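Topology and contacts: notes
If you want the building blocks of each chain, they are given just below.
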Amino acid sequence: MIRVLIVDDQAMVRQGFAALLAAQPDLLVVGDAADGAQGVTMAREHAPDVVLMDVRMPVLDGIQATRRILDVAPGLHRPKVVILTTFDLDDYVFEALRAGASGFLLKDAPAAELVTAVRVVAAGDGLLAPSVTRRLIEQFAARPKAADHQPARLAALTPRETEVLRLIARGRSNAEIADDLVVAEQTVKTHVSRVLTKLDLRDRAQAVVFAYETGVVSAGT
């Protein structure tokens, strides 16, 4: 059973999402919060697997709430956070990914997409809304790059693993990477797992951030 916490300042949004998710046999809504501060408290109390987090909220916004929820000692429960936004290229999305969110989804996405998002993130994969992934990546690529402070970590990757990281950052699925590299999809899954482990990244969303911020991928490459 996947435990879900909903954090949004609009009561109708919380109720609608809760009803949708509660109708799924493998999902359990453990609570809902009206602001980021309450969301942090409830995340500590209820230990959800996935937190659906609005960005613009009173008291504490979704970015700060995400940082606090994910700031736990090693070995303690750390949920996955999916940012919910009405803006497909909201600057908050970039900051949320840097804060540790596993991805984002538009609030007006189809119901089935929301359910799938919860399952995908709970399984350990990052989620970037399919409808805006390309634009998100292009805008990320166009931003100024920070100096590369990760040479040792990057050096740990094999040439094939570096190529897999580059393709992940371009928004490719495992199946698409398998086609690009002419290998089995299971082989790609193994490469992805090794990339995340070697770079100490939680999921694919964090891999995208890492790849652009360290210059592994840039606009036009």
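For the structure given in this document, a descriptive report is provided here. Model, not experiment: these values are computed from the prediction. (Residues numbered from 1 in each chain as written. Predicted model: local features only at pLDDT ≥ 70, side-chain atom pairs only at ≥ 80, totals over all residues. Heavy atoms only, no water.)

1. Quick notes on the layout of surface pockets
Computed from the structure, the second largest pocket encloses a volume of approximately 260 Å³. Taken together, 12 residues form the lining of the second largest pocket, with R153, L201, Q206, V209 and F210 sitting closest to its centre. Of all the elements, helix 11 (residues 204-213) adds the most residues to the lining of the second largest pocket, at four residues. For the lining of the second largest pocket, the per-class residue count stands at four nonpolar, three polar and five charged. (1 Å grid on protein atoms, 1.4 Å probe; cavity = no way out; pocket = protein on both sides within 12 Å on 5 of 7 lines; lining within 4 Å. Points joined across faces, edges and corners; volume = space filled by probe spheres on them. Helix = DSSP H or I, 4+ residues; strand = E, 2+ residues; numbered from the N terminus. Nonpolar A, V, L, I, M, F, W, Y, C, P; charged D, E, K, R; others polar.)

2. Structural notes on helix 5 (residues 111-122)
Taking 1.5 Å of rise per residue, 12 residues should cover 16 Å, and helix 5 covers 17 Å from first to last C-alpha, within 8% of that figure. Of the residues one or two after helix 5, G124 is the one with positive phi, at around 105°. (Expected span 1.5 Å × (residues − 1).)

3. Remarks on the pairing of strand 4 (residues 80-85)
Looking along a regular strand, one sees the side chains alternate between the two faces of the sheet. With six of six residues buried, strand 4 is to be regarded as a mostly interior element. What you see with strand 4 is no split at all: K80, V82 and L84 on one side and V81, I83 and T85 on the other are buried throughout. One ladder, built from five bridges, connects strand 3 (residues 50-54) with strand 4; its direction is parallel. Residue pairing in the sheet places V50 in a bridge with K80 of strand 4. Summarising the sheet, strand 4 and strand 5 (residues 103-106) pair through four bridges and their orientation is parallel. (Buried < 20%, exposed > 50% of the residue type's maximum accessible area, 1.4 Å probe, protein only. Pairing = 2+ DSSP bridges.)

4. Looking at the packing of helix 9 (residues 174-181) against helix 10 (residues 185-199)
For the pair helix 9 and helix 10, the least separation of the axes is 8 Å and the interaxial angle reads 105°. When the interaxial angle is binned, helix 9 and helix 10 end up roughly perpendicular. Here N174, A175, I177 and A178 of helix 9 come into contact with helix 10, specifically with E185, V188, K189 and V192. Here the residues of the contact of helix 9 with helix 10 sort into five nonpolar, one polar and two charged. (Axes fitted to C-alpha atoms, helices over the stretch in contact; angles between N-to-C directions. Parallel < 35°, antiparallel > 145°, perpendicular 65-115°, else oblique. Contact = heavy atoms within 4.5 Å.)

5. Describing the pattern of salt bridges
With the rule as written, the count across this model stands at seven salt bridges. Salt-bridge contacts for R119 lead to D26; the nearest nitrogen and oxygen are separated by 2.8 Å. Of the two residues, R119 sits in helix 5 while D26 sits in the loop between helix 1 (11-22) and strand 2 (27-33), which places them 93 residues apart along the sequence. Since its relative accessible area comes to 26%, D26 is described here as partly exposed. One salt bridge connects D180 with R172, and the closest N-O pair in it is separated by 3.0 Å. Three or more residues joined by partner-sharing salt bridges are found here, namely D8, D54 and K107. (Salt bridge = Lys/Arg side-chain N within 4 Å of Asp/Glu carboxyl O.)

In short, the description is geometric, and any link to function would need to be established separately.
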